[in-house]
Amino acid sequence: MSIREIRVFQVPLENQRSYTMSNSSVGSAVSTVVELVDADGTTGYGEACLASPQYQPEHNDGVRASLAILAPAILGLDPLRHQVVNGAMHAAMSGHPAGKAALDIACWDVAGKKLNRSVVDLLGGAHTGPSADGDVRGNRVLTYHVVGIGTPEQAVAEAQELLDAGHTRFQLKTGGRPIHHDIDSIRAVAGVLPPHADLAVDTNRGWTAVEAIQVSNACADIRMSMEQPCATEAELHQVKAQGRHPIVVDENATSLAAIARMISSGLADGFGLKLTRLGGLTPMRAVRDLCMDARVPMSSDDAWGGDIIAAASVALGATLVPQFSRGAWIAHPYHQQHYDENNGPRLDSGFVTLPEGGPGLGLAIEEGMFGTPDAVYR
Ligand code: 0XW
Ligand code: MG
């Protein structure tokens, strides 16, 4: 196996419904898809798509610019040798984990196709059998669903609709407004959720430590976690010490070292992890092993994107120990586009389906699906 050619595509994803976080909204995003061609013509796909310029410190145009340096650095390498490929990318460019993630994921896809095995198997195999909610997983992976920022009535209506669709895990977006509005929405949504439901209140760094502590005290009677309530690790420590709720770290979970630090310091009660922030499946696999061993629940997500990044997220999500899985999130419900209409991951009663279209990521993507490449490296 050796990487012969890398093709880069821009893929617009138009939102069909609004998606708002404390610091930004997602309208339409232009995803970057990479097609990696092995010496014998086998192809593998990767993807990176940032939700908004505010959510993480990268930009979708920057992903494609970074590939002008990263792609040539891995031409000729064996896509199965993930450490070698990642080492070459780090030597060529500091940072830029989103572009690295797209190429890393494509290597896993092409390696799986060459070995005729799924990426799930290459990552160690799926945990089948009952999930934390007792529901048999089969070819599905637990997920969670976002409830947007709005009035308490709007949030309750959205939560009820999701309950009716079989969801048991909810991420209520907060922040970007006076905290009494958030407290009202938290209390209203918590009031309609059944005892077995899981509620994470995700502020995407929007509160100060004082605001987060005030919200936690005002909701002390509610079983919930606080996801990334503030922007810095120091503020999260303050909230952990003076608040009443478990802390889930998302935006600050930027590397294995940072995650190890937040576990060993006792700060993190869970993580919302993103493939494009860590650099792909290879680094996320290492983080997974640490979190599973430390018994710290994690999600396997990404910020945004289509079937390719979704398939990579659910592939790693399938390998999580159910008790320590916070689910795999996909953006499909918002843009409603598939690259593979038959096998693209989709919601199924509170779970996400694992693609079963063949080896690798399990997607059967038609030749020429993405049109003319933006750039070709060979
Ligand atoms: C819900 N997500 C996985 C998608 C958005 O990009 C933000 C992110 C989160 O957990 O904040
Ligand atoms: Mg989050």
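Residues numbered from 1 in each chain as written. Chains lettered and ligands numbered in written order. Predicted model: local features only at pLDDT ≥ 70, side-chain atom pairs only at ≥ 80, totals over all residues. Heavy atoms only, no water.

Focus on the coordination of the magnesium ion (ligand 2)
Looking at the magnesium ion (ligand 2), the protein donor atoms are Asp-202 (OD), Glu-227 (OE) and Asp-250 (OD), and they sit 2.0 to 2.3 Å from it. Going along the chain, you hit the donors of the magnesium ion (ligand 2) in the pattern D-x24-E-x22-D. Residue Asp-202 is found in strand S7 (residues 198-202), and its partner Glu-227 is found in strand S8 (residues 225-227); the two are separated by 25 residues along the sequence. Each member of the pair Asp-202 and Glu-227 is classed as buried. (Donors = N, O, S within 2.8 Å, 3.2 Å for Na, K, Ca; no water. Helix = DSSP H or I, 4+ residues; strand = E, 2+ residues; numbered from the N terminus. Buried < 20%, exposed > 50% of the residue type's maximum accessible area, 1.4 Å probe, protein only.)

A short note on the packing of aromatic side chains
With the rule as written, the count across this model stands at nine aromatic pairs. Seen from their ring centres, Tyr-19 and Trp-304 are 4.9 Å apart, and the 70 degrees between their planes marks the pair as edge-to-face. Taken together, the residues span a long stretch of sequence, with Tyr-19 in the loop between strand S1 (3-14) and strand S2 (28-38) and Trp-304 in the loop between strand S11 (298-301) and helix H12 (307-318) at a distance of 285 residues. Exposure class is identical for Tyr-19 and Trp-304. Each is buried. Note on Tyr-19 and Tyr-334: the rings are 4.9 Å apart at their centroids and 85 degrees apart in plane angle, and the pair reads as edge-to-face. Remark: Tyr-334 occurs in helix H13 (residues 332-335) and Tyr-19 occurs in the loop between S1 and S2; sequence separation between them is 315 residues. Across the pair, Tyr-334 and Tyr-19 agree in class, each one buried. Taking NZ or CZ as reference, Arg-17 lies 4.7 Å from the ring centre of Tyr-334, over its face. The ring of Phe-351 carries the charged tip of Arg-140 above its face, separated from the ring centre by 4.3 Å. (Phe/Tyr/Trp six-rings, centres within 6.5 Å; stacked < 30°, edge-to-face > 60°. Lys NZ or Arg CZ within 6 Å of the ring centre and 35° of its normal.)

Details of a nonpolar patch on the surface
A surface patch of nonpolar side chains, amounting to about 230 Å² of accessible area, comprises Met-1, Leu-80 and Leu-115. Judged by its relative accessible area of 34%, Met-1 is partly exposed. (Patch = residues over 30% accessible without salt bridge, like charges linked within 9 Å, V, L, I, M, F, W, Y side chains within 5 Å. Areas by Shrake-Rupley, 256 points an atom, 1.4 Å probe, with all protein chains shown as cover. Salt bridge = Lys/Arg side-chain N within 4 Å of Asp/Glu carboxyl O.)

Things to note about the sheet that holds S1
Strand order in this open sheet of four strands is S3-S2-S1-S15, and the pairing throughout is antiparallel. If you trace the sheet from one side to the other, it starts and ends with strand S3 (43-48) and strand S15 (375-377), each paired once. Within the sheet, the average angular offset between the axes of one strand and its neighbour, ignoring direction, is 20 degrees. Looking at chain direction, S1 and S15 are connected through three bridges and run antiparallel. (Pairing = 2+ DSSP bridges. Axes fitted to C-alpha atoms, helices over the stretch in contact; angles between N-to-C directions.)

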